[in-house]
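Structural features, examined
Residue strings, one per chain:
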There are 2 protein chains.
Amino acid sequence: MTPSAAPVTGEPEPSLTSAAIEHKLAEDHHHGNGFSNGNSSALPLEYHELDASKLTYSLTDRSRDVPPLGVSDINGETICTDHMITAAWSAKGGWEAPELKPYGPLALMPTASVLHYATECFEGLKAYRGFDGKLRLFRPDCNCARMLMSSVRISLPSFPPEELEKLILALMAIDGAKWLPRDRPGSFIYLRPTMIGTQSALGVQAPSKALLYIIASYMPSMDAPNGGLRLHTSPDDMVRAWVGGFGYAKVGANYGPSLLATQEARSRGFGQILWLYGEKGLCTEAGASNFFVVWKTPEGKMQMVTAPLDDRLILDGVTRRSVLSLAREHLGDEVEIVERKYTIDEVVQADADGRLLESFAAGTAYFVCPISLIHHRGRDVRISMGKAGEGGPITLKLKGLLKDIMYGNMDHAWGVVVQ
Amino acid sequence: MTPSAAPVTGEPEPSLTSAAIEHKLAEDHHHGNGFSNGNSSALPLEYHELDASKLTYSLTDRSRDVPPLGVSDINGETICTDHMITAAWSAKGGWEAPELKPYGPLALMPTASVLHYATECFEGLKAYRGFDGKLRLFRPDCNCARMLMSSVRISLPSFPPEELEKLILALMAIDGAKWLPRDRPGSFIYLRPTMIGTQSALGVQAPSKALLYIIASYMPSMDAPNGGLRLHTSPDDMVRAWVGGFGYAKVGANYGPSLLATQEARSRGFGQILWLYGEKGLCTEAGASNFFVVWKTPEGKMQMVTAPLDDRLILDGVTRRSVLSLAREHLGDEVEIVERKYTIDEVVQADADGRLLESFAAGTAYFVCPISLIHHRGRDVRISMGKAGEGGPITLKLKGLLKDIMYGNMDHAWGVVVQ
């Protein structure tokens, strides 16, 4: 049979997705904590909001040694600090009092939601030991707001993001002094707030129990790979994220499926995949980092370009946002800063014309990492690494500005001092 | 700047994805077990393949009670049988000897790969207590082969699928007699082989450690919801799977992101989402089941139609495959059996023309479940539930044939008896 020529579908109606997100936020922002919206009759009476002021402390009696500078794992296992913070949630009672306790294994039933249905999301941010001796976080409010968005998208509970931020600061207040010692200025620790669905049930459904936890770990510096970061464009038969998907959320489901192509690219000598989207090959992300290009337009104008957020394909990176903001403030006179869709063919063409100047990846893990090569469909696009081989002048300028804020050389509202 | 008109990309080259899958399979099918491909020099000398004959047994001394018929959970937690089977894998040594042991919690470090990057896959199959008193699995070889495919897609280790099948049979040989008692013919247990990435490392990478486990659980019968299954088409801004994605694999990343829309649909009185794909609204899956429609073509021919597998958008369901095969064998004279792309508009048009006859979802969990209604963009498409209100004649015929095989009324190669 032939498809009917004329569409016979009816009127549009409120989207399930946006309705679901609104309902979820309305449900969780209820009685208590001034969030009441008059909607509380359907909710359990004893629902408790996440409350950092209720944090309990059980300090470890088996304190471990701080690893030598530059060591971040033991036999491939990430080294974490002495403590972690956990907070359990249930649909029935809401959030239990968060606990700071010794770092150690979690017990999960084999039926736990997270192990089957990827009901999981996370954040990544760093704590920095400043050259002034102070310990700082960088824009933790951005990470906490994004964690809430990711959590709701993956059917995990909502929470007041400022309470999460307080918990992160509480963990650093206990472990920061020892694990980021004052005699190691310019070093950092990587913080990983995580939420997982813990209901022990195999039915495919939003979990009625969840666990939020925060851990602090070591991670190697990845912003200056020898010779620059080398990218391989994504294969035609593999897409990282898609319009109508969840590429904008920091959920596990964005990561596992990308590992196969990444591993293959690494075995061919590349550091990350440059993820292209759609038939035109739109540039989206470099690995799990945002991707920036600096070029001259055909008209001769200096321009820095990165993909826009409007299709919700890519992560609203904190580093991305900060780079754009600093570039507009400090480089706006010389360089046009543009968020728009652009294709790999435009990058290749700019290279062929000699207009391609710099490229870098921006994210918490890779910080601001210069890109030296993009391999696309059998062709190598080589990009200048600047005079000292550490990145082009715009890349280095932005990296320097960010470092100054993170490590306390410059006083800035984005640097939040841990007391 | 304007995008260049002529594509400047180079020659095609071997796909990262297919190359990665080939490498992975070649790597794991090496020395031992007759899989040698002369490629073993790069592999650890002491790599062991998954071997069911090495299974060790530690039986529980805290045997639990079998729940009353029809009870599958306690306070929302799935009831499992006394035992589970686990097998640990590492990139270094391969598979350790599998263990049958008491069902209980798993200990995972907070940094475990599965909790952050959704490195997880699973299978679902049932064990059936036949009317002849025998215990059967239904085509377990299909599930084990698909588990291997899913595992490789999500960067977890490969294994000989026949070894997994032996382990499933071994678990049922121990727990089947008690948990599917002979005085409950026509009942089933739901088996869930699962694999998770357990490497305790936050670096985004294929895990170097994994755990395979098999659990056996109770699950409610879902194939005869009161009044038939009611579907709501997916919202415009939410896509389950996409070309170049992983919709064909049974990986956690396909499930978590779909829960939000499903929960909202349930709150509006629908059982599942009918997932549409692309601008034309291609019908793909009903919830996590395959979707079938029986209609008359405009030319008056009886036809049963379901989406094809060629874009790898949908799961290659064992029930789907069996339904197609049985329909061709038993109904081929009256009904044309077609796997092709078709749109929601075609379904709506068939309804408007009075040509829409039956619809059902097919999968292990929902078995063969009649669909009574599809809600699409403000319009209700109502579908006949047959004379007795339990599904149309073709739906019931196929369901009956499958039941006869599963519960031993008909001798068939698809029914594998547990000894």
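Since this is a predicted model, take the numbers as computed values, not measurements.

Helices and strands together make up the secondary structure of chain A, namely eight helices and 22 strands. In terms of overall size, chain A behaves like a compact globule, its C-alpha atoms giving a radius of gyration of 23 Å where 419 residues would be expected to give roughly 22 Å. Seen through its C-alpha atoms, chain A measures out along the principal axes to roughly 75 × 65 × 40 Å. A total of 419 residues make up chain A; the buried ones form 60% of that total.

For the rest of this paragraph, the subject is helix H3 (residues 140-153) of chain B. All names here are of chain B. Over its 14 residues, H3 runs 20 Å from end to end, which matches the ideal 20 Å to within 8%, given 1.5 Å per residue. Most of H3 sits out of view: 11 of its 14 residues are buried. Residues of H3 that are buried include every one of Pro140, Cys142, Asn143, Cys144, Arg146, Met147, Leu148, Ser150, Ser151, Val152 and Arg153, and no others. Looking at the residues trailing H3, positive phi occurs at Ser155, about 65 degrees.

Attention now goes to the domain arrangement of chain A. Residue and element names in this part refer to chain A. Domains assigned within chain A are domain 1 (48-217) and domain 2 (229-417). When each unit is reduced to the centre of its C-alpha atoms, the spacing between domain 1 and domain 2 is 28 Å. Across the boundary between the two partners, domain 1 contributes 31 residues, which contact 26 residues of domain 2. Between domain 1 and domain 2, roughly 2,600 Å² of surface is buried when both sides are summed, and carbon and sulfur atoms account for 63% of that area.

The next subject is the interface of chain B and chain A. Between chain B and chain A, the contact holds 101 residues from the first and 101 residues from the second. Counting the surface lost from both chain B and chain A, the interface buries some 8,600 Å², and carbon and sulfur atoms represent 60% of this. At the junction of chain B and chain A, the tally comes to two salt bridges. B:Glu77 is paired through a salt bridge with A:Lys209; the nearest N and O atoms lie 3.3 Å apart.

For a regular strand, the rule is simple: side chains alternate between the two faces of the sheet. Residue and element names in this part refer to chain B. The buried count for strand S20 (residues 367-376) comes to 10 of 10 residues, which makes it a mostly enclosed element. Sheet topology note: the strand S13 (residues 229-233)/S20 ladder contains four bridges and is parallel. Counted as the bridge partner of Leu229 is Ile371 from S20. Here four bridges tie strand S19 (residues 356-363) to S20, and the two strands are oriented antiparallel to one another.

Here we come to the side chain of A:Arg355. All names here are of chain A. Structurally, the position occupied by Arg355 is in the loop between helix H7 (344-352) and strand S19 (356-363). At 2.8 Å, the side chain of Arg355 forms a polar contact with the backbone oxygen of Lys296. In this structure the side chain of Arg355 is engaged in a polar contact, spanning 2.9 Å, whose partner is the side chain of Asp353.

Another aspect to go through is helix H7 (residues 344-352) of chain B. All names here are of chain B. The element H7 is largely enclosed, with a buried count of seven among its nine residues. Of the residues making up H7, those classed as buried are Ile344, Asp345, Glu346, Val347, Val348, Gln349 and Ala350. Phi turns positive, to about 75 degrees, at Gly354, one or two residues after H7.

Rotating chain B by 180 degrees about the axis while translating it 0.0 Å along that axis superimposes it on chain A, leaving an RMSD of 0.0 Å. When the rotation and shift are considered jointly, the pair of chain copies conforms to a two-fold rotation axis.

Further remarks concern the nonpolar core. A:Trp95, A:Leu191, A:Met195, B:Trp95, B:Leu191 and B:Met195 are the most contacted members of the largest nonpolar core, which has 98 residues in total. Apart from residues no more than four positions distant in its own chain, B:Leu191 is found in contact with B:Glu123, B:Gly124, B:Leu125, B:Lys126, B:Ala127, B:Leu137, B:Ile168, B:Leu171, B:Met172, B:Ile215 and B:Ala216. Among the nonpolar cores identified, the runner-up in size contains 90 residues, and A:Leu106, A:Phe188, A:Ala327 and A:Leu331 belong to it.

We now examine unusual backbone geometry. The backbone phi angle of A:Arg312 is positive, close to 60 degrees, even though this residue is not glycine. Of note, A:Arg312 is situated in the loop between strand S17 (302-306) and helix H6 (318-330). The phi torsion at B:Phe367 lies on the positive side, around 55 degrees, for a residue other than glycine. Judged by relative accessible area, which is 9%, B:Phe367 ranks as buried.

The description of two packed helices rests on the angle between their axes and on the distance between the axes. Residue and element names in this part refer to chain B. Here H3 crosses helix H4 (residues 161-179) at 125 degrees, and the two axes come no closer than 8 Å. Between H3 and H4, the angle falls in the class oblique. In terms of crossing hand, the pair formed by H3 and H4 is right-handed. Side by side, H3 and H4 meet where Pro140, Asp141, Cys144, Ala145, Met147 and Leu148 of the first sit next to Pro161, Leu164, Glu165 and Ile168 of the second. Its residues assigned to classes, the contact of H3 with H4 comprises eight nonpolar, no polar and two charged.

What the rule picks out here adds up to 23 aromatic pairs over all chains. The interplanar angle of 85 degrees and the centroid separation of 5.2 Å between the aromatic rings of A:Tyr128 and A:Tyr407 together place this pair among those described as edge-to-face. Of this pair, A:Tyr128 sits in strand S9 (residues 125-129) while A:Tyr407 is found in the loop between helix H8 (393-406) and strand S22 (415-417), placing the two residues 279 residues apart along the sequence. The exposure class of A:Tyr128 is buried, given its relative accessible area of 6%. With a relative accessible area of 8%, A:Tyr407 lands in the buried category. Centre to centre, the rings of B:Trp242 and B:Phe246 are 5.0 Å apart; their planes meet at 80 degrees, and the pair counts as edge-to-face. Taken as a pair, B:Trp242 and B:Phe246 share a single burial class, namely buried. Geometry around A:Trp414 places A:Arg139 over its ring, the cationic atom sitting 4.1 Å from the centre. Over the face of the ring belonging to B:Phe188 we find B:Lys126, whose NZ or CZ atom lies 4.1 Å from the ring centre.

We now examine the confidence of the model for chain A. Atom-level detail of predicted coordinates should not be read off regions where pLDDT is low. Residues and elements named next belong to chain A. Averaged over every residue, the pLDDT of chain A is 91; the share at 70 or more is 91%. Taken together, the stretch residues 1-12 has pLDDT below 50 and engages in 23 contacts with residues farther than four places along the chain or on a different chain. Low pLDDT, under 50, characterises residues 30-41; the predicted model gives this stretch 19 contacts beyond four residues in sequence or across chains. This prediction of the complex comes with two scores: 0.92 for pTM and 0.92 for ipTM.

Moving on: the environment of A:Ser72. All names here are of chain A. Residue position: Ser72 is located in the loop between strand S1 (56-57) and strand S2 (73-74). Through-space distance from the C-alpha of Ser72 to that of Ser221 is 9.7 Å; in sequence the pair is 149 residues apart. Look past the residues within four positions of Ser72 in its chain and what remains in contact with it is Glu77, Thr78, Ile79, Tyr218, Met219 and Pro220.

So, on to the pattern of salt bridges. Residue and element names in this part refer to chain A. Tallied over the entire structure, the rule returns 34 salt bridges over all chains. Across the pair Lys178 and Asp82 runs a salt bridge, and its minimum N-O distance is 2.7 Å. In this pair, Lys178 is assigned in helix H4 (residues 161-179) and Asp82 in the loop between strand S3 (77-78) and strand S4 (83-90), connecting sequence segments 96 residues apart. Residue Asp82 is classed as buried on the basis of its relative accessible area, which comes to 5%. Between Glu163 and Lys166 there is a salt bridge, with its nearest N and O atoms 2.8 Å apart. Of this pair, Glu163 and Lys166 both sit in helix H4, three residues apart, roughly one helical turn. Taking relative accessible area as the criterion, Glu163 reaches 10% and is therefore assigned buried. Here Lys166 falls in the partly exposed class, since its relative accessible area comes to 46%. Salt bridges sharing partners connect three or more residues here, namely Arg320, Arg328 and Glu339.

Analysis parameters
- Residues numbered from 1 in each chain as written.
- Chains lettered and ligands numbered in written order.
- Predicted model: local features only at pLDDT ≥ 70, side-chain atom pairs only at ≥ 80, totals over all residues.
- Heavy atoms only, no water.
- Helix = DSSP H or I, 4+ residues; strand = E, 2+ residues; numbered from the N terminus.
- Rg over C-alpha atoms; globule rule 2.2 N^0.38 Å.
- Buried < 20%, exposed > 50% of the residue type's maximum accessible area, 1.4 Å probe, protein only.
- Expected span 1.5 Å × (residues − 1).
- Domains from an automatic or database assignment.
- Contact = heavy atoms within 4.5 Å.
- Buried area = accessible area lost by both parts, 1.4 Å probe.
- Salt bridge = Lys/Arg side-chain N within 4 Å of Asp/Glu carboxyl O.
- Pairing = 2+ DSSP bridges.
- Polar contact = N/O pair within 3.5 Å; in protein donor to acceptor, adjacent residues only side chain to side chain.
- Least-squares fit on C-alpha atoms with pLDDT ≥ 70 in both.
- Core = buried A, V, L, I, M, F, W, Y, C linked by side-chain atoms within 4.5 Å.
- Axes fitted to C-alpha atoms, helices over the stretch in contact; angles between N-to-C directions.
- Parallel < 35°, antiparallel > 145°, perpendicular 65-115°, else oblique.
- Left-handed = near helix turned anticlockwise from the far one by under 90°.
- Nonpolar A, V, L, I, M, F, W, Y, C, P; charged D, E, K, R; others polar.
- Phe/Tyr/Trp six-rings, centres within 6.5 Å; stacked < 30°, edge-to-face > 60°.
- Lys NZ or Arg CZ within 6 Å of the ring centre and 35° of its normal.
- pLDDT = per-residue confidence, 0-100.

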